[in-house]
Amino acid sequence: MDNAMKLMHVIIGLEASGAELFLQRLVKQQLKLKKKVVVVSLTDDGKLGEQLRAAGALVYTLGLKSIFGIPRVIYQLRKLIRSQQPDVLQSWMYHADFFSTLATLGLKTKLLWSVRCTAVPAGSYLTYGIMKLCALLSGFAPVKICYVAEAAKQTHRRYGYSDCKGVTIPNGYDFNSNIFCAKKRESIRHLLKVDENVFLIGVVGRFHPDKGQDIFLEALTKIRGRYPAIKVVLIGRGCDTDNLQLNALLTQLGLVQLVVPVGEQQDIPGWLSALDLNVMPSRTEGFPNGLAEAMAVGLPCIATKVGDAALLADKYAILCEPTPESIAVAISSMLAMSPDARMTLGQGAANWVRDNFSIESIEQRYAQLYLEILES
């Protein structure tokens, strides 16, 4: 890929969620390779804007706050595109795909859409409407449509997206920061008041129906009597004691003493190091970041068979259905394994994801896609 190529990434915002964090990793890798990179947030800096600037990206924010600001934002985005003249414009997720399409009308910009979810979350009617508009536009607006997972590609084909333009590139990770740390394990377990005789299970993810915390908690009620030496932590935005819905669920299921909600944490590898088992009980996923991160630190994992979890896990995790019964069976199976067998499973998981899903290898796949777009 020609280092003189200029790339522009357009995204709705820069909060520290899955798609945004992957974009940050991709941009940093592109900058390491001396690419020229512009990032446009349709809203504000979020948590990642300044970090991207510090890494060397040119970052613009357009201040979108409501639907009444959409015409202004599209106009400003069009001006930016014309002034920056990117060789490839990559938009991220439905809103940015749609706005970028409108902003590039009549321009010769090579537009690449990025679809980051397997299906539109239930109840997101506005997002569903924008997705259907994108489906109508997909035949002529983007040069290519890049899906984060093969499952997402198949779902969007059923939604009406152009089939011939679809390519799949999974997430990539900076595994230099995803390492097991014995000192962090000791300090976090001390904080939680659990010793090494306690089997600590964790679920990482924002509190949301898609992430399946409710399914997991119901699964716990089916096994807690058989395994008294277990403890559970819920990690992620909304998984804290201020969440009235979560508090009510824990009380209803009789899990207040068993489950510790610790909320959003910055040092996820440290918290993963403290665990003995990671469970991903999601109802839906694209390419699950949390599962990859847990596997990378050598944790034995359980994951529901959603999105491309099976592709990511390969033979190095226990896969189950997103039901309390299936998750309960999977946890029991993991607890029945010897510590050495669980350690072997976790080490195999770490080797697998590091060999196949590094940000370096995934950036190369994007670089090849950009070249194909320019030659089209």
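Here's what I pulled together on the structure shown here. Worth saying up front: this structure is predicted, and the values here are computed from it rather than measured.

### A closer look at the overall build of the protein chain
So, point 1. On a plain count of helices and strands, the protein chain comes out with 15 helices and 13 strands.
So, point 2. At 21 Å, the protein chain has a C-alpha radius of gyration in line with the 21 Å of a compact globule built from 376 residues.
So, point 3. With respect to the three principal axes, the spread of C-alpha positions in the protein chain is 65 × 40 × 35 Å.
So, point 4. In the protein chain, once contacts between residues fewer than 6 apart in sequence are set aside, the share between residues at least 24 apart is 70%.
So, point 5. Of the roughly 16500 Å² of accessible surface on the protein chain, 55% is carried by carbon and sulfur atoms.
So, point 6. Each charge class in the protein chain can be summarised by its mean position, and for the 41 positive and 34 negative side chains these summaries are 5 Å apart.

### Examining the environment of P142
So, point 1. Here P142 shows up in the loop between α5 (125–137) and β6 (144–147).
So, point 2. For P142, a relative accessible area of 2% corresponds to the buried category.
So, point 3. With near-sequence residues (within four places) excluded, P142 lies in contact with L111, W113, L137 and K165.

### Details of the packing of helix α4 (residues 93–103) against α5
So, point 1. Where α4 meets α5, the closest approach of the two axes is 9 Å, and the angle between their N-to-C directions is 45°. Looking at the two axes, α4 sits oblique to α5. Regarding α4 and α5, the two cross each other, and that crossing is left-handed. Contact with α4, carried on its side by Y94, H95, D97, F98 and T101, involves T127, I130, M131, L133, C134 and L137 of α5 and no other residues of that element.
So, point 2. The residue makeup of the contact of α4 with α5, split by class, is seven nonpolar, three polar and one charged.

### Quick word on the pairing of strand β11 (residues 277–280)
So, point 1. Here β11 shows no split at all, with L277 and V279 on one side and N278 and M280 on the other all buried.
So, point 2. Direction of pairing for strand β8 (residues 199–204) relative to β11: parallel, over a ladder of two bridges. Across the sheet, I201 pairs through a bridge with L277, a residue of β11.

### Considering the packing of helix α3 (residues 70–84) against α4
So, point 1. Contact geometry of α3 with α4 gives a least axis separation of 9 Å together with a crossing angle of 65°. Our pair here, α3 against α4, has a crossing hand that is right-handed. Residue-level inspection shows I70, I74, L77, R78 and I81 of α3 in contact with α4, the latter providing F99, S100, L102 and A103.
So, point 2. Classifying every residue of the contact of α3 with α4 by side-chain character gives seven nonpolar, one polar and one charged.

### Looking at the layout of surface pockets
So, point 1. If you add up the space inside the second largest pocket, you get close to 460 Å³.
So, point 2. Counting residues per element, the ones that place at least two in the lining of the second largest pocket are α10 (268–274) and α14 (339–356).
So, point 3. By residue number, the principal contributor to the lining of the second largest pocket is α14, which donates seven residues.
So, point 4. Of the residues that constitute the lining of the second largest pocket, the class distribution is eleven nonpolar, four polar and five charged.

### Concerning the side chain of N178
So, point 1. Looking at where N178 falls in the secondary structure, it is placed in the loop between β7 (166–168) and α7 (182–192).
So, point 2. Residue N178 is classed as buried on the basis of its relative accessible area, which comes to 8%.
So, point 3. The residues contacting N178, other than those within four sequence positions of it, are P269, E293, A296, V297 and R354.

### Re the sheet that holds strand β2 (residues 36–41)
So, point 1. Taken together, the seven strands give an open sheet; going across it, the order is β3-β2-β1-β4-β5-β6-β7, and neighbouring strands pair in parallel fashion. Lying at the two open borders of the sheet, with one neighbouring strand each, are β3 (58–61) and β7. With strand direction ignored, the average angle separating the axes of adjacent strands in the sheet is 20°.

### Remarks on the environment of E372
So, point 1. Mapped onto the secondary structure, E372 falls in helix α15 (residues 359–375).
So, point 2. In this structure, the C-alpha to C-alpha distance between E372 and V143, residues 229 residues apart in sequence, is 9.7 Å.

### Looking at the sheet that holds strand β13 (residues 318–320)
So, point 1. Spatial ordering of the open sheet is given by β10-β9-β8-β11-β12-β13, a layout of six strands whose pairing is parallel. Two strands bound the open sheet, and with one partner strand each, they are β10 (259–263) and β13. Averaged over all pairs of adjacent strands, the angle between their axes in this sheet comes to 20°, without regard to strand direction.
So, point 2. As judged from the six bridges shared by β8 and strand β9 (residues 230–235), these two strands associate in the parallel manner. Counterpart to V204 in the pairing with β9 is I235.
So, point 3. Set on the sheet, helix α13 (residues 324–336) makes contact with β8, β9, β11, β12 (301–304) and β13; between it and β13 the angle comes to about 165°.

### Structural notes on the packing of aromatic side chains
So, point 1. According to the stated counting rule, one finds eleven aromatic pairs in the structure shown.
So, point 2. Aromatic pair F287 and F357: ring centres 5.3 Å apart, planes at 55°, arrangement tilted. Here the residue F287 occupies a position in the loop between β11 and α11 (289–296), and F357 occupies one in the loop between α14 and α15, the gap between them amounting to 70 residues. Judged on exposure class, the residue F287 and its partner F357 are both buried.

Rules and cut-offs
- Residues numbered from 1 in each chain as written.
- Predicted model: local features only at pLDDT ≥ 70, side-chain atom pairs only at ≥ 80, totals over all residues.
- Heavy atoms only, no water.
- Helix = DSSP H or I, 4+ residues; strand = E, 2+ residues; numbered from the N terminus.
- Rg over C-alpha atoms; globule rule 2.2 N^0.38 Å.
- Contact = heavy atoms within 4.5 Å.
- Areas by Shrake-Rupley, 256 points an atom, 1.4 Å probe, with all protein chains shown as cover.
- Lys, Arg positive; Asp, Glu negative; His and termini not counted.
- Charge placed at Lys NZ, Arg CZ, Asp CG, Glu CD.
- Buried < 20%, exposed > 50% of the residue type's maximum accessible area, 1.4 Å probe, protein only.
- Axes fitted to C-alpha atoms, helices over the stretch in contact; angles between N-to-C directions.
- Parallel < 35°, antiparallel > 145°, perpendicular 65-115°, else oblique.
- Left-handed = near helix turned anticlockwise from the far one by under 90°.
- Nonpolar A, V, L, I, M, F, W, Y, C, P; charged D, E, K, R; others polar.
- Pairing = 2+ DSSP bridges.
- 1 Å grid on protein atoms, 1.4 Å probe; cavity = no way out; pocket = protein on both sides within 12 Å on 5 of 7 lines; lining within 4 Å.
- Points joined across faces, edges and corners; volume = space filled by probe spheres on them.
- Phe/Tyr/Trp six-rings, centres within 6.5 Å; stacked < 30°, edge-to-face > 60°.

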